[in-house]
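# Per-entry structural report
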Amino acid sequence: MDKNIISSVPLFQSLPPEEIEQLARAMQEVELPAGTQLFKEGEHGSTFYIVLSGQVAIIQSQGTENERVLALRGSGEFIGEMSLLNRSGLRTAGARTASDARLLVLTRQDFDDLLFRSPTIAYEMLHVLSVRLTQAHSIAMLEMEEKNRQLARAYAELQAAQEQIIQKEIIEHELLQAREIQRSMLPTVMPKVKGFDVGACIQPARMVGGDLFDLIPLDADHLGVVICDVSGKGTPAALFMALTRSLLRAYACPEDSPEEVIYNVNRHLLGMNARGLFVTVIYGILERKTRTFRYVRAGHERPVLLDPDGGLTETPMGAGQVLGLFPRPTVETLTVPIPPGHTLLLYTDGVNEARSPDGSFFGLEGLAALAPSLSGLSAQESCEKLLEGLDRFRGTAPQADDITVIALQALP
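Values in this document were obtained by computation on a predicted structure and should not be read as measured data. (Residues numbered from 1 in each chain as written. Predicted model: local features only at pLDDT ≥ 70, side-chain atom pairs only at ≥ 80, totals over all residues. Heavy atoms only, no water.)

## Things to note about the nonpolar core
Core analysis: the biggest nonpolar cluster contains 54 residues, and Tyr283, Phe293, Ile338, Ile406 and Leu408 have the highest contact counts within it. Counting residues per element, this core draws most heavily on helix α7 (residues 234–251), at seven residues. Dropping the residues within four chain positions of it, Ile338 is found in contact with Phe196, Leu286, Arg291, Phe293, Leu305, Leu344, Leu408 and Ala410. Core analysis: the second largest hydrophobic core is formed by 21 residues, Ile6, Leu23, Leu104 and Met125 among them. (Core = buried A, V, L, I, M, F, W, Y, C linked by side-chain atoms within 4.5 Å. Buried < 20%, exposed > 50% of the residue type's maximum accessible area, 1.4 Å probe, protein only. Helix = DSSP H or I, 4+ residues; strand = E, 2+ residues; numbered from the N terminus. Contact = heavy atoms within 4.5 Å.)

Put into structure tokens, the structure is as follows:
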């Protein structure tokens, strides 16, 4: 494969020469006539494509009366990425060449290897996917408005009811897809750290949320720990959360201090925040040998330390500004020892700001009252027990905010 062709693709232009050469060995070029089916909706995907020339139609509900072309992808654009990113591995739409076309083909394994070697590629893809989501939403809204006008002319008496049904189905479908994508970004298996037990739980207030946790193995002795809370709720907060997570993943490494990582993430968020969103963050490194957690707190809730007898100790309080609003926010840097048998608990404000039916807050007092019941439990059991306690406290009151908890338990 000619490496000059690969380096001309916008998605790969930021890659170093050695990565281009490796892609040149992995990718294949194919020439397909118009009308060639690349894949169908619902199939298991194992390949990723980049269009060099010609056009490829993205098709939904192919072969039915509801078949429609969602988009045409041309030179430099990529297709087939969703099935490689989704946990299910299923194609969310079909693809067929709309004209004679030349394509680059990458297998699932080579695609995974590329993301592992060059995580910034994920950021570039996320930017493109965000643009596509916005465009798809705009098209869906335009189509819905046209259908509503047709229904108004033919069935004036049913206009309001029909419009609500269509809107509800579209929104529910989009939100379900967004929820699956968001869930796929969270760790599904807790990492193993010798001498520690790690647990985490997340409970969104809506179909999609603005909370995030991540556990990033840096090496055998260091684990990157992330907990974030984006301002607002729903789809905008979820997209900003996904962007924050990709940036943290791209910059987290054992050589860089938590402060450097936070400032790098903030620099990028400032340039991509037209809506004025912000995010509170704790990013830290759990050090196995010293049994310490060295972290930066940017406007987030303070962690608490639980002792084996159920006592609770707050970590020190300092200045900490949120990310996404200030060129160089003031952040707090701390190192907390975690003695054997103790558990460091990180959480979002959905915990302490949970309300009972009479309007009272759960607060730190509620956490301290619940702490003795966590004694003797594993890290994961402690997180689940805390969520159960919050459910009992709220009773019939609705959950007003996303809830996320991480437990770092030092084993005896």
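Next comes the rest of the write-up.
## Quick word on the sheet that holds strand β3 (residues 47–53)
Judged by pairing direction, the sheet is antiparallel, and its four strands sit side by side in the order β1-β8-β3-β6 without closing on themselves. Two strands close off the open sheet at either side, each with one partner strand: β1 (28–32) and β6 (78–79). Inspection of the sheet shows β3 paired to strand β8 (residues 101–107) by six bridges, in the antiparallel sense. Paired with Ser53 across the two strands is Arg102, which belongs to β8. (Pairing = 2+ DSSP bridges.)

## Considering the pattern of salt bridges
Counted according to the given criterion, the structure contains 12 salt bridges. The shortest N-O distance in the salt bridge between Glu29 and Arg102 comes to 2.8 Å. With Glu29 in strand β1 and Arg102 in strand β8, this residue pair connects regions lying 73 residues apart in the sequence. For Arg102, a relative accessible area of 26% gives the class partly exposed. Across the pair Arg294 and Glu287 runs a salt bridge whose closest N-O atoms are separated by 3.2 Å. By relative accessible area, which is 15% here, Glu287 ends up buried. Three or more residues joined by partner-sharing salt bridges are found here, namely Asp214, Arg245 and Arg249. (Salt bridge = Lys/Arg side-chain N within 4 Å of Asp/Glu carboxyl O.)

## Regarding the environment of Thr315
With respect to the helices, strands and loops of the structure, Thr315 is situated in the loop between β15 (312–314) and β16 (332–337). Judged by its relative accessible area of 4%, Thr315 is buried. Leave out the neighbours within four places in its chain, and Thr315 touches Tyr295, Arg302, Pro303, Val336 and Leu344.

## Re the layout of surface pockets
In this structure, the second largest pocket occupies an estimated 450 Å³ of space. Elements that contribute at least two residues to the lining of the second largest pocket include exactly α5 (120–154) and α7. Ranked by residue count, the leading element in the lining of the second largest pocket is α5, at five residues. Of the residues in the lining of the second largest pocket, the class split is nine nonpolar, four polar and one charged. (1 Å grid on protein atoms, 1.4 Å probe; cavity = no way out; pocket = protein on both sides within 12 Å on 5 of 7 lines; lining within 4 Å. Points joined across faces, edges and corners; volume = space filled by probe spheres on them. Nonpolar A, V, L, I, M, F, W, Y, C, P; charged D, E, K, R; others polar.)

## Quick notes on the sheet that holds strand β10 (residues 211–219)
Strand order in the open sheet made by the five strands is β10-β11-β12-β13-β16, with antiparallel pairing throughout. Of all strands in the sheet, those with a lone pairing partner are β10 and β16, marking the two edges. Taken pair by pair, the neighbouring strands of this sheet meet at an average axis angle of 15°, ignoring direction. Across eight bridges, β10 lies against strand β11 (residues 222–230) in antiparallel orientation. (Axes fitted to C-alpha atoms, helices over the stretch in contact; angles between N-to-C directions.)

## Examining unusual backbone geometry
A positive phi angle is found at Ser61, which is not glycine, with a value near 55°. Here Ser61 lies in the loop between β4 (56–60) and β5 (68–73). Assessed through its relative accessible area of 26%, Ser61 is described here as partly exposed. Phi is positive for Arg291, which is not a glycine, with a value near 55°. Residue classification places Arg291 among the partly exposed positions, given a relative accessible area of 24%.

## So, the packing of aromatic side chains
Under the counting rule described, the total for this entry stands at five aromatic pairs. Both rings, one in Phe48 and one in Phe78, keep their centres 5.7 Å apart while their planes meet at 40°; by these two values the pair is tilted. Here Phe78 lies in strand β6 and Phe48 lies in strand β3, a separation of 30 residues in the sequence. Each member of the pair, Phe48 as well as Phe78, carries the same accessibility label: buried. Each member of the aromatic cluster is reached from another via a ring pair, and the members are Phe48, Phe78 and Phe111. It is Arg91 that lies over the ring of Phe39; its NZ or CZ is 4.0 Å from the centre. (Phe/Tyr/Trp six-rings, centres within 6.5 Å; stacked < 30°, edge-to-face > 60°. Lys NZ or Arg CZ within 6 Å of the ring centre and 35° of its normal.)

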